[in-house]
Amino acid sequence: MKAKHENTESEILEAAKTVFQQKGMAGSRMQEIADKAGINKAMLHYYFRSKQMLFEAVFKNAFKLLAPQLKKVLDEDADLFDKIRGFTNSYISFVIKHPYLPNFIIQELNKTPDFIERLRADKDFPNIEKFKLQVEDNVNRGVIKPISGEQLFINIMSLNILPFIAAPLFKGFLDANDKEYRVLMDQRKTEVAEFIINSIRL
């Protein structure tokens, strides 16, 4: 019985992820998710009482996959430039597969100020202390221009996140359809890293 319960829940989460990716939080309907999961709406509400609860569950599942990847890149003993490349590649590759993540985080932070503290409590939440020391070391050795680890990290995150949060706006500016924009996002796995590296390299 427990196995069946867990299987049904995982099928619901997979169905919800697909619908959320296609239509976003606002455009998704519980009935559509139930249909996709092959269950009735009453059964869906038994597992998840609201669309918000379901969305949070989908998000947490995805974040649990992303956070360890980013933490691993930040903690490893790699060259700073390779670390920037690895972080950007991991982040963009993941968000291409889970495009609802950045908007969901912004939405939750605006609505629930303690949301970030709940995320930070996870043992796999990325820590940038080692990254900051590495940036300071590279500045002192004359490898890169003077910049703090905090500012560099904000620059990396900003260039990685904004194209996903503002995708409709950029598609309009660039006159790009979904397929064309996806190609641009794939290219950014390397474009962002090289842009940042070239901006700080001495």
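Cut-offs and rules
- Residues numbered from 1 in each chain as written.
- Predicted model: local features only at pLDDT ≥ 70, side-chain atom pairs only at ≥ 80, totals over all residues.
- Heavy atoms only, no water.
- 1 Å grid on protein atoms, 1.4 Å probe; cavity = no way out; pocket = protein on both sides within 12 Å on 5 of 7 lines; lining within 4 Å.
- Points joined across faces, edges and corners; volume = space filled by probe spheres on them.
- Domains from an automatic or database assignment.
- Helix = DSSP H or I, 4+ residues; strand = E, 2+ residues; numbered from the N terminus.
- Nonpolar A, V, L, I, M, F, W, Y, C, P; charged D, E, K, R; others polar.
- UniProt positions renumbered as here; feature names shortened; annotations may be inferred.
- Core = buried A, V, L, I, M, F, W, Y, C linked by side-chain atoms within 4.5 Å.
- Buried < 20%, exposed > 50% of the residue type's maximum accessible area, 1.4 Å probe, protein only.
- Contact = heavy atoms within 4.5 Å.

Colleague: I'd love a proper account of the layout of surface pockets, names of residues and values included.
Modeller: Here the largest pocket defines a volume of roughly 600 Å³. What lines the largest pocket is a set of 23 residues, and nearest its centre among them are Gln21, Pro99, Tyr100, Ala167 and Lys171. Counting contributing residues, the lining of the largest pocket receives three or more from each of domain 1 (1–49) and domain 2 (59–200). Space inside the second largest pocket adds up to approximately 500 Å³. Forming the boundary of the second largest pocket are 21 residues, of which Phe63, Ile105, Phe125, Met157 and Ile161 lie nearest the centre. Contributions of two or more residues to the lining of the second largest pocket are made by α4 (51–75), α5 (80–97), α6 (101–111), α7 (115–120) and α9 (149–165). The class makeup of the residues in the lining of the second largest pocket is 21 nonpolar, no polar and no charged.

Colleague: Quick rundown of the UniProt feature "domain: HTH tetR-type" (unreviewed entry) in the protein chain? Include the residues and the values.
Modeller: Feature annotation in UniProt assigns "domain: HTH tetR-type" (unreviewed entry) to the following positions: residues 6–66. Secondary structure across residues 6–66 comprises 87% helix and 0% strand; the distance between its end C-alpha atoms is 22 Å.

Colleague: So, empty space enclosed by the protein: which residues are in play, and what are the values?
Modeller: What the rule picks out here adds up to 1 cavity of 30 Å³ or more. Estimated volume of the largest cavity: approximately 30 Å³. In terms of lining residues, the largest cavity is bounded by Leu74, Lys83, Ile84, Phe87, Phe131, Phe153 and Ile156. Of all the secondary structure elements, the ones that give two or more residues to the lining of the largest cavity are α5 and α9.

Colleague: Talk me through the nonpolar core; I want residue IDs and the actual numbers.
Modeller: Buried together is how nonpolar side chains tend to be arranged in soluble globular proteins. Leu54, Ile84 and Phe131 are the most contacted members of the largest nonpolar core, which has 58 residues in total. At 12 residues, the largest contribution of residues to this core is made by α4. When residues of this core are assigned to domains, at least three fall in each of domain 1 (1–49) and domain 2 (59–200). Among residues more than four places away in sequence, those in contact with Ile84 are Leu152, Ile156, Ala193, Ile196, Ile197 and Ile200.

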